[in-house]
Amino acid sequence: MPAGTPLNRTWICMLIDGTPVIDWGNGKVQDIYTGEFRPYREGEFSHVATDRDLDQLKRAGRVCEYTGKLVYLNALPEPERRVLD
């Protein structure tokens, strides 16, 4: 089994500006290069990541491996969580 965190391949998207992101749903995406979480608007979507996109992310050290269904990502920062007072 490949190293990394497996995610459904359809969650890895490219924005119009070329930024690769993970679509976590509920209007929130995570930049794969920076780990930054931000709001997402439908008009920003370009396409689901192609093999070519994933190969580029692999060369950049962000993707370990990928299959037709899964993408194995290197570690990304955890989302911010509210702490109980």
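Residues numbered from 1 in each chain as written. Predicted model: local features only at pLDDT ≥ 70, side-chain atom pairs only at ≥ 80, totals over all residues. Heavy atoms only, no water.

Once that is clear, we can look at the overall build of the chain. Of the regular secondary structure elements, the chain holds one helix and eight strands. In the chain, the succession of helices and strands from N to C terminus is β-β-β-β-β-β-α-β-β. Compactness check: the chain gives a C-alpha radius of gyration of 13 Å against a globular reference of 12 Å for 85 residues, within 12% of the reference. The dimensions of the chain, computed from C-alpha atoms along their principal axes, are 45 × 30 × 20 Å. (Helix = DSSP H or I, 4+ residues; strand = E, 2+ residues; numbered from the N terminus. Rg over C-alpha atoms; globule rule 2.2 N^0.38 Å.)

Burial along strand 2 (residues 12-15) is two-sided: the residues Ile-12 and Met-14 and Cys-13 and Leu-15 are all buried. Two elements, strand 2 and strand 3 (residues 20-25), share three bridges in a ladder whose sense is antiparallel. Note on strand 3: the bridge partner recorded for Ile-12 is Ile-22. Adjacent in sequence and paired antiparallel, strand 2 and strand 3 are bridged by four residues, among which Gly-18 carries a positive phi angle near 90 degrees. Here three bridges tie strand 2 to strand 6 (residues 45-48), and the two strands are oriented antiparallel to one another. Looking at strand 6, one finds that Leu-15 is bridged to Phe-45. (Buried < 20%, exposed > 50% of the residue type's maximum accessible area, 1.4 Å probe, protein only. Pairing = 2+ DSSP bridges.)

For the rest of this paragraph, the subject is the sheet that holds strand 7 (residues 63-66). Read across the open sheet, the three strands follow the order 1-8-7; overall the sheet is antiparallel. Each edge of the open sheet carries a strand with a single partner, namely strand 1 (5-8) and strand 7. Within the sheet, the average angular offset between the axes of one strand and its neighbour, ignoring direction, is 25 degrees. Of the strand pairs in this sheet, strand 1 and strand 8 (residues 70-73) are connected by four bridges, and their pairing is antiparallel. Note on strand 8: the bridge partner recorded for Thr-5 is Leu-73. Packed on one face of the sheet, helix 1 (residues 51-59) meets strand 7 and strand 8 and runs near 145 degrees to strand 7. (Axes fitted to C-alpha atoms, helices over the stretch in contact; angles between N-to-C directions. Contact = heavy atoms within 4.5 Å.)

An order of 5-4-3-2-6 is seen for the five strands of this open sheet, with the pairing classed as antiparallel. The open sheet is flanked by strand 5 (37-39) and strand 6, the only strands paired with a single partner. When strand polarity is set aside, the average angle formed by the axes of neighbouring strands in this sheet is 40 degrees. Bridge count between strand 3 and strand 4 (residues 28-31): four bridges; the pairing is antiparallel. Among the inter-strand pairings, Ile-22 is bridged to a residue of strand 4, identified as Gln-30.

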